[in-house]
Amino acid sequence: VIWLTLFAGAAITIGFTFFFGLRNYGAQLLMTGMLSVTIFLALFVGLQIDEPFTGTIRVPPEAMEMVLRDFAPPA
C-alpha cells in the first residue's frame, strides 16, 4: 500500500506540472524532467533502504548480531 501510494503520488505530481502550460516548451520540458528525476531518486533511495540486508550496499549480519547482544537482557 505504501509503495502504491508513493508511485501514484509521483505520477500525480508529475502530471500536475502540465497544468502550468508554459509558452516555452523547452522550459516546460526541463521543469518536468528535473521534477521527474528528483522523484525517481527519492523513490530509488526508498527502495534501497527498504531491504538493508541485501544489495551492493548492505548491513552485514555482524552489525545486527552486535545490536542484539547489546539489547539482550543481562544473564
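It should be emphasised that the depicted structure is a prediction, and the values quoted were computed from it without experimental measurement. (Residues numbered from 1 in each chain as written. Predicted model: local features only at pLDDT ≥ 70, side-chain atom pairs only at ≥ 80, totals over all residues. Heavy atoms only, no water.)

### Description of the overall build of the protein chain
We apply this condition: Only DSSP runs of H or I covering at least 4 residues are called helices, and only runs of E covering at least 2 are called strands; the numbering of each starts at the N terminus. Radius of gyration here uses only the C-alpha atoms, and the compact-globule reference equals 2.2 Å multiplied by the residue count raised to the power 0.38. Burial classes: relative accessible area under 20% of the type maximum marks a residue as buried, over 50% as exposed, and values in between as partly exposed (1.4 Å probe, protein chains only). Each accessible area value is a Shrake-Rupley result obtained with a 1.4 Å probe; residue values ignore everything except the protein chains displayed when judging cover.
Across its full length, the protein chain carries three helices and zero strands. Helices and strands appear in the protein chain in the N-to-C order α-α-α. Here the C-alpha atoms of the protein chain give a radius of gyration of 20 Å, more than 25% beyond the 11 Å that 2.2 N^0.38 yields for 75 residues. Among the 75 residues that make up the protein chain, the fraction classed as buried is 9%. Accessible surface computed for the protein chain: about 6,600 Å², of which carbon and sulfur atoms make up 75%.

### Quick word on the packing of aromatic side chains
To keep things clear, this is the line we draw: Note on aromatic pairs: the rings of Phe, Tyr and Trp (six-membered ring only in Trp) are paired at centre separations within 6.5 Å, and the planes decide the class, stacked below 30 degrees, edge-to-face beyond 60, tilted for the rest.
With the rule as written, the count across this model stands at three aromatic pairs. Relative to F7, the ring of W3 has its centre 6.2 Å away and its plane inclined at 40 degrees; by these criteria the two rings are tilted. One end of the pair is W3 and the other is F7, both in helix 1 (residues 2-16) and four residues apart, which spans about a single turn. The exposure class of W3 is partly exposed, given its relative accessible area of 25%. Take F7: its relative accessible area is 42%, and that puts it in the partly exposed class.

### Quick notes on the environment of L30
Note on placement: L30 falls in helix 2 (residues 25-50). When its relative accessible area of 54% is taken as the criterion, L30 is described as exposed. Along the chain, L30 and A42 lie twelve residues apart, while their C-alpha atoms are 18 Å from each other.

### Here's the deal with the packing of helix 1 against helix 2
For the record, the criterion: Geometry is summarised by axes, namely lines fitted to C-alpha atoms with helices restricted to the contacting stretch, and by angles between N-to-C directions that run from 0 to 180 degrees. To sort the angles, those under 35 degrees are grouped as roughly parallel, those over 145 as roughly antiparallel, those from 65 to 115 as roughly perpendicular, and the leftovers as oblique. Residues are treated as being in contact if the distance between any of their heavy atoms lies within 4.5 Å. Side-chain classes are defined by residue name, with Ala, Val, Leu, Ile, Met, Phe, Trp, Tyr, Cys and Pro counting as nonpolar, Asp, Glu, Lys and Arg as charged, and the others, Gly among them, as polar.
Contact geometry for helix 1 and helix 2: axes closest at 10 Å, N-to-C directions at 170 degrees. Relative to helix 2, helix 1 is oriented roughly antiparallel. Across the interface between the two elements, W3, L6, F7, A10, T13 and I14 of helix 1 pack against T32, L35, S36, I39, L43, G46, L47 and D50 of helix 2. When its residues are assigned to classes, the contact of helix 1 with helix 2 shows nine nonpolar, four polar and one charged.

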